[in-house]
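Structure at a glance
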Amino acid sequence: MLTAMASDHGGFRLKADLVTFVRELGYEVEDLGCFDENTVDYPDFGQAVAQKVSSGEVERGILICGTGIGMSIVANKFPGVRAALVSHVYAARMAREHNNANILVMGGRIVGLGLAQEIVKAWLEAEFQGGRHLKRLEKIEAVERRNFRV
Ligand code: RB5
C-alpha cells in the first residue's frame, strides 16, 4: 500500500523518522516534503498529500505539523478525505475501525517518536469495521455533497 507523507518545519524531524519507520514496516512511502527545518507554510504540504488521497492516487496519507491542527484543517477541506488528529494509540485504532480515516495527523511538538511509531503502526494495521459506522460515513459524504459541490 502506498502512503503519502508530508510535514511543515514543525513536523519535519518526526516525519523524517516516520518515513524510515513506515518503510521498515514494509509500506511504500512517497515523501512530499518538507525536506529541512526552514520555515514553510503547512497548507502547501497538507494539500499535496490530501489531493492525492482525495483523487484516489494514494490510499493513505500521514501529515505532521507542530500541533497537527493546521494540517487537519487543510486536509479535511478535500472531498473524501477523513483526516484524524491523533495523539493516543487507542484513538489511532478507532480512527480506522470506526471512522475509516484515510489521513493520520500528528503534532511533531506534541508526540515523541516512540509514541508516534505506536500510533502509526496501530493506524496502518487496523481495519474499518463497516456496519453501523458505514452509515455514519455516508452521512458525512452527504454533508460534503451539500457543502462542497462535489
Ligand atoms: C508552525 O509554527 C505551526 O504553526 C504549525 O506547525 C502548526 O502547528 C499549525 O497548526
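Right, let's walk through the structure included here. Here the residue numbering is sequential within each chain, running from 1 through the sequence in written order. Where totals are concerned, whole chains, interfaces and linings use all residues; where local detail is concerned, this predicted model gives features only for residues with pLDDT of at least 70, and gives and counts side-chain atom pairs only at 80 or more. Hydrogens are left out, water is left out, and the side-chain values use all remaining heavy atoms of the structure.

Let's talk about the sheet that holds strand β3 (residues 60-65)
Strands pair in a sheet through their backbones, by hydrogen bonds, and they do so in one of two ways: parallel or antiparallel. Rule in force here: Here, any two strands with at least 2 DSSP bridges between them count as paired. The way it works is that DSSP assigns letters per residue, a run of H or I at least four long becomes a helix, a run of E at least two long becomes a strand, and they are numbered from the N terminus. Fitted lines through C-alpha atoms give the axes, limited to the stretch in contact for helices. The angle between two N-to-C directions lies from 0 to 180 degrees. Throughout, a residue-residue contact means that at least one pair of heavy atoms, one from each residue, lies within 4.5 Å.
What the five strands build is an open sheet, ordered β2-β1-β3-β5-β4; its pairing is parallel. Taken across any chain shown, the strands that pair with only one partner, and hence form the sheet edges, are β2 (28-31) and β4 (83-85). With direction set aside, neighbouring strand axes in the sheet form an average angle of 20 degrees. Here five bridges tie β3 to strand β5 (residues 103-107), and the two strands are oriented parallel to one another. Paired with I64 across the two strands is M106, which belongs to β5. On the sheet, helix α2 (residues 42-55) packs against β1 (2-7), β2, β3 and β5 and is oriented at approximately 170 degrees with respect to β3.

What about the pairing of β5?
We apply this condition: With a 1.4 Å probe rolled over the protein chains alone, any residue whose accessible area is under 20% of its type maximum counts as buried; one over 50% counts as exposed, and the rest are partly exposed.
A large share of β5 lies buried, amounting to five of its five residues. Both faces of β5 are covered, namely the face carrying I103, V105 and G107 and the face carrying L104 and M106. Sheet topology places β4 next to β5; three bridges connect them, and they run parallel. Bridging across to β5, A83 finds its partner in I103.

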